[in-house]
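Secondary and tertiary structure notes
So the chains spell out like this:
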Amino acid sequence: MYQYNEIDQTLVNERVAQFRRQTEQFLSGEITEDQFRALRLRNGLYVQIHAPMLRVAGPYGLFNSTQFRKLAHIARTYDKNYCHFTTRQNVQFNWPKLEEVPDILEELADVQMHAIQTSGNCMRNTTSDHLAGVCIDEIEDPRPYCEIIRQWTTLHPEFDYLPRKFKMAVSGALHDRAATQFHDIGLHLVKNDKGVIGFRVLVGGGLGRTPVIGQVIKPYLEKKHLLSYLEAILRIYNLFGRRDNKYKARIKILVKESGLDKFSTLVEKEWLLIRDSNELSDARINAIKAQFAPPAYDNAADKDISFTEQQQANKAFTTWVKFNTTVHKVAGYRAVFLSLKAPEVPPGDMTDCQLDAVADLADQYSFGEIRSTHRQNLILADVKQADLFMLWQKLDRLNLATPNIGTVTDMICCPGLDFCSLANAGSIGVAREINEALDDIDYIHDIGDIKINMSGCMNGCAHQSVGHIGILGVDKKGSEWYQITLGGSSENDAAIGERLGPAVAKDQIINAITTILDVYIKNRLNDEPFLAMVNRVGVTPFKEQVYADS
Amino acid sequence: MQIVKDNQIIDNNWRYVADDAEPLVGDITVSLARWNTDNQKLRVHDGKLGLRIAPCDSVDEMALNLRDIDLVELDFPDFADGRLFSHAWYLRSRFGYQGEIRAIGHFMPDQVFYLSRVGVNAFAPEKIEYLPFIISNLNDFTVKYQNSVN
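Residues numbered from 1 in each chain as written. Chains lettered and ligands numbered in written order. Predicted model: local features only at pLDDT ≥ 70, side-chain atom pairs only at ≥ 80, totals over all residues.

1. What about unusual backbone geometry?
Threshold: Going along the chain from the N terminus, every DSSP run of H or I of four or more residues is numbered as a helix, and every run of E of two or more is numbered as a strand.
Geometrically, the link from Glu22(B) to Pro23(B) is a cis peptide bond, its omega value of -5° lying close to zero. Here the phi dihedral of Gln89(A) falls at roughly 65°; this positive angle occurs in a residue that is not glycine. Along the chain, the position of Gln89(A) falls in the loop between strand E4 (82–85) and strand E5 (91–93).

2. Structural notes on the pairing of strand E2 (residues 8–11) of chain B
Regular strands place their side chains on alternate faces of the sheet. Residue and element names in this part refer to chain B. Convention followed: In short, DSSP must find at least two bridges between two strands for them to pair.
Where strand E1 (residues 2–5) lies against E2, four bridges are found, and the strand directions are antiparallel. Residue pairing across strands places Lys5 opposite Gln8, the latter belonging to E2. What sits between the antiparallel neighbours E1 and E2 is a turn of two residues, in which Asp6 has the positive phi angle 45°.

3. Points about the pairing of strand E4 (residues 28–31) of chain B
Residues and elements named next belong to chain B. One ladder, built from two bridges, connects strand E3 (residues 15–16) with E4; its direction is parallel. Counterpart to Arg15 in the pairing with E4 is Ile28. In the sheet, E4 pairs with strand E5 (residues 49–53) via four bridges, with the strands oriented parallel. Of the residues in E5, the one forming a bridge with Ile28 is Leu49.

4. Re the domain arrangement of chain A
Frequently, the measure chosen for interface size is the accessible area removed from exposure when the parts meet. All names here are of chain A. To keep it simple, the criterion reads: What marks off one domain from the next here is an automatic or database domain assignment. Two residues qualify as being in contact provided that their C-beta atoms, derived from the backbone, are within 7 Å of each other.
Taken as a whole, chain A is organised into domain 1 (6–110), domain 2 (134–290), domain 3 (301–397) and domain 4 (412–546). Each of domain 2 and domain 4 was reduced to a C-alpha centroid, and the two centroids are 31 Å apart. On the domain 4 side, the residues contacting the ten residues of domain 2 number eleven residues.

5. Quick word on the environment of Ile444(A)
Residues and elements named next belong to chain A. As for its position among the elements, Ile444 is in helix H15 (residues 441–447). Separated by 36 residues in the primary sequence, Ile444 and Val408 have C-alpha atoms spaced 6.5 Å apart. Setting aside chain neighbours within four positions, we find Ile444 in contact with Asn404, Thr407, Val408, Thr409 and Leu438.

Structure, rendered in structure tokens:
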């Protein structure tokens, strides 16, 4: 994992000092509300319904145990003993006091963390594959490039006041687990016909109000040109992106309105003029790569036989292994998902005690590192199979072992009307009701791989438009209604869900979801997954049943 | 009116002449449109010349005229309009302009570090009391992650 050098540390320290001054100037009336809004957003600070909300960066989802203990400390000291993991692999605190935020940021800086550019119309936290470096389908580990991009984007003087927010994701595997087709810029590590690894560059993807699948702007980009090419795209966007209407200000609209050909001609022209003066050297790439060298794996980890025995002896353990762990590139190891989707807990939330305990487990079982996923769970990426049984028991006691990863109750969910000032409808409550309605774990496992994404408003923080089942909260004359889409996907088979029909009332949404699941169970072919069935039969059979009584 | 230029508070000797105003004498800035219509007159006028640039002005059009220019004013209609940051970068990095680049209008004193990094060397803030903040904010950071003009 990347460790700060003196430059990194100085930068975050100076940023804290700057924000402390800005906060003081705001509180004393020297800078206006409007100005402070722009400044605080660039330090992750929103003003929500009840209190400010602070979003802390989880750089491409990587944390160490020291950082987790600090998050626990912050939750305890400055907040109400919990925090929330987001779809951008970040961490949110929902109850900080405005005047204490500089202190929180200073505490974060002590453990090499920050909240820089986690909101505002600037380049945001770069996200990546949560199984980077350990998965079996990897072309190259994307994390060094994420770190290079993190540094390049941080405090970039030219691109901090963009038309709108700007998000990038990098994937290095065959299976796209980073939703790269739905980012302003998506990067895939690929091999060219000579076997040399470079980037396929996608542009103009995005979710929110107008979901768009990104288009390939550069099928192959040499690594050394990564930053100059990003710079060219950002400059063209900064100059020509729309600033007259915030709903049309994302790069996806610029690409759409100007057409990919014209947009890429502008980018290409700009890039050719800057690419030779801003090359990424092999030495720099290698220096960053060295920070992501594999940990000291035990070569004999696969000699263990206890793992098999424990699975034979304990059905619950076997189930957990099946759903909450995944194959690792090193024999005898598995990557372990910690489910933040226990039935009675708001999706993605974690208490201070859980944070501390997970830090200890990471130290004990996974080289002191923890990852967050864009589906709002955590991962201990490097666990020996011999340790899994013990780890499972400990996670179970922490309520972090619900065996539901990748199932219907592993929902992505935004904070919704309970916390967010943008929301039109509640989402946490609906998630709870779905859990109550689906309380039979065997039924959940029988349904299998299905992704429900639920957002409380059009902004789509929970990526509802790419959920296999998407649920979007809408306001109808002051009451909460829900629009359902089917067939979305953010993976290789990227698709935007099709609308099922008119929105359903709050007291009908659970019925609608269970009806959809019943239609699936009755009509699937053998072990056909939900998404495959929707793609095969379309939305009509679901629609007929959901709206049968209306 | 005072401004900050090259880290110091100095008196401003420049005057902006609106598109329909006269006289075109002394050290003056004009819009790109005025520059184009009154080009002949402006070239021979008594004094130095500057251009006042809006975010929507064409960078390429600016580039054609830089030889006769001693000052470019970047006129912020709103601090959130980041196009002028790219304009400054173009002036310095692409067109090699070495004269004064001055931020004017509704920029924030908290943006001057970034502005200086993209090549802005003078600041005429909305409020005179911002001047000392500007000088200290220019030193907000001693490190940087990426290349720009400075």
